[in-house]
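# Notes for the structure review
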Amino acid sequence: MDILSKLNTRYATKVFDPTKKVSEADMEKLLEAIRLSASSYGLQPYKVLVVEDPAIRAELRKAAWGQSQITDASALLIFAAKYETNAGTVDEFVDLVSQTRNIPKEALFGFSDMMKGSIQSQSQEQIETWVSKQAYIALGFGLVSAAVLDIDACPMEGFSPADFDRILDINKLGLKSKVILAVGYRSEEDKYQHLAKVRQKKEDLFIKF
Ligand SMILES: Cc1cc2nc3c(=O)[nH]c(=O)nc-3n(C[C@H](O)[C@H](O)[C@H](O)COP(=O)(O)O)c2cc1C
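Residues numbered from 1 in each chain as written. Predicted model: local features only at pLDDT ≥ 70, side-chain atom pairs only at ≥ 80, totals over all residues. Heavy atoms only, no water.

## Things to note about the layout of surface pockets
- Each pocket or cavity is described by its volume, and for the largest pocket that value is around 700 Å³.
- Contributions of two or more residues to the lining of the largest pocket are made by helix 2 (24-35), strand 1 (46-51) and helix 5 (87-101).
- In terms of residue class, the lining of the largest pocket is made up of 11 nonpolar, five polar and five charged.
- What the second largest pocket holds in volume is close to 250 Å³.
- Forming the boundary of the second largest pocket are 14 residues, of which Tyr11, Ala12, Tyr192, Leu195 and Lys197 lie nearest the centre. (1 Å grid on protein atoms, 1.4 Å probe; cavity = no way out; pocket = protein on both sides within 12 Å on 5 of 7 lines; lining within 4 Å. Points joined across faces, edges and corners; volume = space filled by probe spheres on them. Helix = DSSP H or I, 4+ residues; strand = E, 2+ residues; numbered from the N terminus. Nonpolar A, V, L, I, M, F, W, Y, C, P; charged D, E, K, R; others polar.)

Here you go:
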């Protein structure tokens, strides 16, 4: 596989072909790639909502400036940050580390205290910014993995998070929607697929020391 050819072929798809569905097997691979995303401490302070229901997606589209990707993509992934990230979140994570790696919990007390200290030293606003960044890293994993799997995708911030949260009723889960990844297959009519990539030149983007 030539990664650069895959990344040059991908583009933020504006018009999806609503008749083309991503197979269950490919969808599983994509979700697994997102599950494998790196995150600060490994805490994964977010959830990924997989929205396929057409009625919900029609509602969401109204809260996303009518963008057609919301209803016409095969599936909609919404990265929702866990704004209620606190000492309890750390305890759950430490349990998972302990079980997965077969390490006694007591051996993880130092790690646990360090994470709790870091969280407790931040304001609620800082925590929300931090957990949102983690959700965006998962988005990045999803974008690249979709390209590798030859699935078209569109990352999207053009929506009203407050309206999405209300429609999906996720505040009660301690979640706030942050960014979307619509996935499916491009329509032949999407003229954006023919446009040249606009990117900074290498010598402008990379600063060597
Ligand atoms: C975080 C983020 C939010 C974006 N929001 C939207 C959006 O709401 N609607 C849309 O059509 N494209 C959206 N885009 C796509 C960008 O416009 C696109 O990635 C950029 O122009 C580069 O083009 P390319 O991805 O086709 O190479 C978004 C991209 C990112 C990374």
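Let's pick the thread back up.
## Regarding the site of the ligand
- Near the ligand there are 14 residues, and of these Arg10, Ala12, Lys14, Lys197 and Arg199 occur at the shortest range.
- The side chain of glutamine 69 places a nitrogen or oxygen atom 3.3 Å from an oxygen atom of the ligand.
- Within the backbone of glutamate 157, a nitrogen or oxygen atom sits 2.9 Å from a nitrogen atom of the ligand.
- Contact with the protein chains hides 65% of the accessible area of the ligand, taken as 620 Å² for the molecule alone.
- When residues of the shell around the ligand are assigned to their parent elements, the largest contribution, three residues, is made by strand 3 (residues 152-156).
- Residue composition of the shell around the ligand, grouped by class: six nonpolar, three polar and five charged. (Near = heavy atom within 4 Å. Polar contact = N/O pair within 3.5 Å; in protein donor to acceptor, adjacent residues only side chain to side chain. Areas by Shrake-Rupley, 256 points an atom, 1.4 Å probe, with all protein chains shown as cover.)

## What to know about unusual backbone geometry
- Of note in the backbone geometry, tyrosine 41 takes a positive phi value of approximately 65° without being a glycine.
- Relative to the helices and strands, tyrosine 41 resides in the loop between helix 2 and strand 1.
- The exposure class of tyrosine 41 is partly exposed, given its relative accessible area of 29%.
- The backbone of asparagine 102 shows a phi angle near 55°, a positive value even though the residue is not glycine. (Buried < 20%, exposed > 50% of the residue type's maximum accessible area, 1.4 Å probe, protein only.)

## Concerning the packing of helix 5 against helix 6 (residues 109-120)
- Between helix 5 and helix 6, the least distance of the axes is 9 Å, while the angle of their chain directions is 155°. As the angle between them shows, helix 5 and helix 6 are arranged roughly antiparallel. Our pair here, helix 5 against helix 6, has a crossing hand that is right-handed. Facing helix 5, whose interface residues are Ala87, Val90, Asp91, Phe93 and Val94, helix 6 presents Phe111, Ser112, Met115, Lys116, Ile119 and Gln120. (Axes fitted to C-alpha atoms, helices over the stretch in contact; angles between N-to-C directions. Parallel < 35°, antiparallel > 145°, perpendicular 65-115°, else oblique. Left-handed = near helix turned anticlockwise from the far one by under 90°. Contact = heavy atoms within 4.5 Å.)

## Looking at the packing of aromatic side chains
- For the structure shown, the criterion picks out four aromatic pairs.
- Seen from their ring centres, tyrosine 41 and phenylalanine 111 are 6.4 Å apart, and the 80° between their planes marks the pair as edge-to-face. Placement of the pair is tyrosine 41 in the loop between helix 2 and strand 1 and phenylalanine 111 in helix 6, with a sequence separation of 70 residues.
- Take phenylalanine 111: its relative accessible area is 28%, and that puts it in the partly exposed class.
- Among the aromatic side chains, those forming a connected cluster through ring pairs are Tyr41, Phe93, Phe111 and Trp130.
- The aromatic ring of tyrosine 83 is capped on one face by lysine 176, whose charged end is 4.8 Å from the ring centroid. (Phe/Tyr/Trp six-rings, centres within 6.5 Å; stacked < 30°, edge-to-face > 60°. Lys NZ or Arg CZ within 6 Å of the ring centre and 35° of its normal.)

## Here's the deal with the nonpolar core
- Counting 20 residues, the largest nonpolar core has Leu49, Leu60, Ile70, Leu76, Ile78, Phe164 and Ile180 as the members making the most contacts within it.
- Breaking this core down by element, the ones donating at least two residues are strand 1, strand 2 (75-82), strand 3, helix 8 (161-168) and strand 4 (175-184).
- For leucine 60, the contacting residues outside a window of four places in its chain are Val51, Ile70, Leu76, Ile78, Phe164, Ile167 and Leu168.
- Listed in part, the 19 residues of the second largest apolar core include Val22, Ala138, Ala153 and Leu181. (Core = buried A, V, L, I, M, F, W, Y, C linked by side-chain atoms within 4.5 Å.)

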